[in-house]
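# Structural features, examined
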Amino acid sequence: MSFGKIIGDYELIGKINKGGIAEIHKARHRGNGALYALRIMLPQIPKTARNVRLFVGGAEIVKSLDHPNLVKVLDVVLSKEMPYVVMEYVEGNNLKHCLIHHDSRVQEGAVDILMRIAQGLHFLHTCHILHRDIKPENILISDRTDVKIADFSLAVRKGKDQVSSRSISGSRSYIAPERILLKRYDERSDIYSFGITAYELLTGRVPYAGTTDQEVLSKHVSRWVRPQSVRRWNPSVPRQLEEIVMGCMRKDPAERYPHVGLVIRDLEQVPRDARRSSEQEGGDKRQAGNLRYNPVDEEVAEE
Ligand SMILES: Nc1ncnc2c1ncn2[C@@H]1O[C@H](COP(=O)(O)OP(=O)(O)OP(=O)(O)O)[C@@H](O)[C@H]1O
Ligand SMILES: [Mg+2]
């Protein structure tokens, strides 16, 4: 899809991203000139009811939601030839990109970023919606340092005794064990993925890596594979913060934080300047400031 193309009331002015089923474009409203992000179903994908349902995902569910830490979905247009979703445009980058490029705002503002992700997630859960794909690529950090949860492709309304029906969907490095095992899941599965995201933010690596889906997924579920501590990789992280992250990442959902409100409560107690606080604690400073990002090959298992 090219620059200058007109879609409904919008003119495309630059491609942001291409996924398996959709492209995201920066677009300008032809009436008021305001900028938006358009998620457009790829022209070559057959517009079968199933594909369109996959494309829309949870966009309809989150459409009316308004929270500073969620990307606002403004409209879902189901035109026969080219379905698209209109979102607020966030000028900036996703958290994964910031980590790979050692964006200093991310290291310095880690607690604040985690707090704001947690607040967006808490709001979503209060609206009885599960995100099901919390990970750094789906967190947008704006140039004005807003933090917003994006990508509601897998979002669903919370059901009673919710079970993944046929196969797992999610991202292998972040998905909760109970979802891998196709067991009952609830908001605690999002808390697990939030925990892995927090671990990656603080250490520059995911706790369970591997070369195949099978290898990574089995590490999530195995009782015998324990994650290395956060401070093993980044001693400047206060113990208090490490405990919160580990509390989110417990393999058994019953041992995890039961809801995000409690994660927020505990994050509020963590000193915002993690580095300074660990120095006050007399923490090990060997690696402080030397954090390197360890890229992992991330794949999405489709439902
Ligand atoms: N509203 C937005 N404003 C600016 N950039 C965005 C916006 N939404 C998404 N992006 C950028 O596009 C990237 C991909 O977006 P998103 O995660 O929604 O799609 P995807 O993962 O490719 O799609 P899907 O999960 O549906 O296959 C994000 O990581 C972000 O960099
Ligand atoms: Mg995504």
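Refer to the structure printed above.
The structure displayed is predicted, hence computed values, not measured ones.

## A closer look at the pairing of strand 9 (residues 139–142)
Strand direction decides the pairing type here: strand 7 (residues 92–94) and strand 9, joined by three bridges, are antiparallel. By the bridge assignment for strand 9, Asn93 is matched with Ile141. In this structure, strand 9 lies alongside strand 10 (residues 147–149), joined through three bridges in antiparallel fashion. Bridge pairing in strand 10 places Ile139 opposite Ile149.

## Some details on helix 10 (residues 239–248)
Looking at helix 10, one finds that the buried residues are Leu241, Glu242, Ile244, Val245 and Cys248. Mapping the buried residues of helix 10 onto a view down its axis gives an arc of 160°, with all of them on the same face.

## Considerations on the nonpolar core
Grouped together as the largest cluster of nonpolar side chains are 73 residues, with contacts concentrated most on Leu114, Ile117, Leu201, Val245 and Cys248. Lining this core are residues from two domains, each supplying at least three of them: domain 1 (6–88) and domain 2 (92–301). The residues contacting Cys248, other than those within four sequence positions of it, are Ile191, Tyr192, Phe194, Gly195, Ala198, Arg256, Tyr257 and Val263.

## A look at the pairing of strand 3 (residues 22–29)
For a regular strand, side chains alternate in direction, first toward one face of the sheet and then toward the other. Here strand 2 (residues 10–18) runs beside strand 3; their pairing, made up of seven bridges, is antiparallel. Pairing of Leu12 across the sheet is with Ala27, part of strand 3. In this antiparallel pair of consecutive strands, strand 2 and strand 3, the connection spans three residues. Direction of pairing for strand 3 relative to strand 4 (residues 35–41): antiparallel, over a ladder of seven bridges. Its bridge partner being in strand 4, Lys26 is matched across the sheet by Ala37. Between strand 3 and strand 4, which follow one another and run antiparallel, lie five residues, and Gly33 among them has a positive phi close to 75°.

Here is what the cut-offs are and how they apply
- The residue count restarts for each chain, going from 1 along the sequence in the order it is written.
- The naming scheme follows written order: chains are lettered A onward, ligands numbered 1 onward.
- Only residues with pLDDT of at least 70 are given local features in this predicted model, and only at 80 or more are side-chain atom pairs given and counted; all residues enter the totals for whole chains, interfaces and linings.
- Pairing between strands requires that DSSP locate at least two bridges from one strand to the other.
- Each helix is a run of DSSP H or I of at least 4 residues and each strand a run of E of at least 2, with the numbering of both proceeding from the N terminus.
- Exposure in this text rests on C-beta crowding, where 20 or more other C-beta atoms within 10 Å of a residue's own make it buried, 12 or fewer make it exposed, and counts in between make it partly exposed. The C-beta atoms are placed from the backbone.
- Comment: arc refers to directions from the helix axis out to C-beta atoms.
- The nonpolar core criterion groups buried Ala, Val, Leu, Ile, Met, Phe, Trp, Tyr and Cys residues into a set whenever they are joined through C-beta atoms within 7 Å.
- Domain boundaries shown here were taken from an automatic or database domain assignment.
- Any residue pair is listed as a contact if its two C-beta atoms, each placed from the backbone, are within 7 Å.

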